[in-house]
Amino acid sequence: MNAHSDDRKRSLLDATQIAGGHNISTKSTPVLLVFVTAYLTAVVLTASYSASFISYLTVRNVNLPFTDFNGFLRDGSYTLTVMRKSAELEFFKNASARVLREIYEKFLLPYEDRLPSGTLEGLQKVCNSRHAHVTSINHLMFYMNQVNCSLIVVPDASFPSSLAFATVKNSAYKGLLNYKLQSIRREGFINIWKNYVSSKMKSTTDTPAPSINITDIAPILCILAGGTGIALCIFGLECFIKYIFRIVNSKATKYW
């Protein structure tokens, strides 16, 4: 008797795991818990998979062709400019790193007399061709809204730069400027400005998050609705067949 009961439970468990139907009814609490657990697990897995699949189809991931100066040099399909007679040009010209010197000799030196005279001109070339332009964050933020495309900052292709005031030699205002700059540094205004610039850069130069509407996921919703409809039809057919068999069996038993 125990062996028969164990075999029955194993067959019920196997039927549940392979999503097979059966006409065995049981009032055993452990078996009912097995069914409920299996069905809830299937629902959770299906929902998570559907959400992941829809996200994969709708969210666009930007894959940059390069992420640093080495990658830019290896790619070789982009052109590069800096503003003519700028600090960026001098940085590449006097760089000690091999990769920066190669970039200068290959992309900047042959075209040094044709470099853009302003930052806006260089940024507009980025919108019109496979082109990269090196400029400061301040210039980029100033001209960001004057170009007709979305710009993306290459994450690891940057170098530090400094800002300074130019004064005449032995200027009477040198001490006052140094005092004010030290006050600004002590009171944290420089860090506040850096955080502000970083937040603005992230919001204006990254690719905007795509908007998703009902038409974007309509095919997937149609597939899910169709699958649900087919499942309901099959379920109704099974119930109808079971009802017919029950009537036939009751009549056979009655006449017997």
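Note that residues are indexed from 1 along each chain, following the sequence as it is written. The predicted origin of the model limits local features to residues at a pLDDT of at least 70 and limits the giving and counting of side-chain atom pairs to 80 or more, whereas totals for whole chains, interfaces and linings rest on all residues. Excluded from the side-chain calculation are hydrogens and water; included are all heavy atoms of the structure.

1. Concerning the overall build of the protein
Here is step 1: Strands are runs of DSSP state E lasting at least 2 residues, helices are runs of H or I lasting at least 4, and numbering of each runs from the N terminus. From N to C terminus, the protein includes ten helices and two strands.
Here is step 2: A simple rule labels every residue: compare its accessible area, found with a 1.4 Å probe on the protein chains alone, to the largest value its type can have, and call it buried under 20%, exposed over 50%, or partly exposed in between. Among the 256 residues that make up the protein, the fraction classed as buried is 20%.
Here is step 3: Only heavy atoms enter the contact rule, under which two residues are in contact if any of them lie within 4.5 Å. A sequence separation of at least 24 residues applies to 61% of the contacts in the protein between residues at least 6 apart.
Here is step 4: A total of about 19700 Å² of accessible surface is found on the protein, and carbon and sulfur atoms cover 60% of it. Residue exposure ignores everything except the shown protein chains as possible cover, and the areas themselves are Shrake-Rupley values with a 1.4 Å probe.

2. Describing the side chain of T81
Here is step 1: Inspection of the secondary structure assignment puts T81 in strand β1 (residues 79–82).
Here is step 2: Here a polar contact is taken to be a pair of N or O atoms separated by no more than 3.5 Å, where protein atoms must pair a possible hydrogen donor with a possible acceptor and residues adjacent in sequence count only if both atoms sit in side chains. Here the side chain of T81 touches H133 through a polar contact of 2.9 Å, side chain to side chain.
Here is step 3: Excluding its chain neighbours within four sequence positions, the residues that come into contact with T81 are L108, L115, P116, G122, K125, H131, A132, H133 and V134.

3. Points about the state of the cysteines
Here is step 1: We call a pair of cysteine sulfur atoms a disulfide when they lie within 2.5 Å. Scanning all chains against the criterion turns up one disulfide.
Here is step 2: A disulfide bridge connects C127 with C149, and the sulfur atoms are separated by 1.9 Å. For the disulfide bridge between C127 and C149, the dihedral angle about the S-S bond is near -65°, and by the sign convention the bridge is left-handed. With a gap of 22 residues between them, C127 in helix α6 (residues 119–128) and C149 in the loop between α7 (137–143) and α8 (174–186) connect regions that are remote in the sequence.
Here is step 3: For C127, a relative accessible area of 22% gives the class partly exposed.

4. Notes on the environment of V82
Here is step 1: Along the chain, V82 turns up in strand β1.
Here is step 2: For V82, a relative accessible area of 0% translates into the label buried.
Here is step 3: Discounting chain neighbours no more than four positions away, the residues touching V82 are E88, L89, F92, L108, L115, P116, H133 and V134.

5. So, the nonpolar core
Here is step 1: Among buried residues, the Ala, Val, Leu, Ile, Met, Phe, Trp, Tyr and Cys ones that are joined through side-chain atoms within 4.5 Å form a nonpolar core. In terms of nonpolar packing, the biggest core is built from 19 residues, with F72, L80, V82, F92, I103 and L108 touching the most fellow members.
Here is step 2: Where this core is concerned, the elements lending two or more residues are α3 (69–75), β1, α4 (87–93), α5 (98–108) and β2 (131–134).
Here is step 3: In terms of residues, this core owes the most to one element, α5, which gives six residues.
Here is step 4: With five residues, the next largest nonpolar core counts L123, L140, V147 and L151 among its residues.

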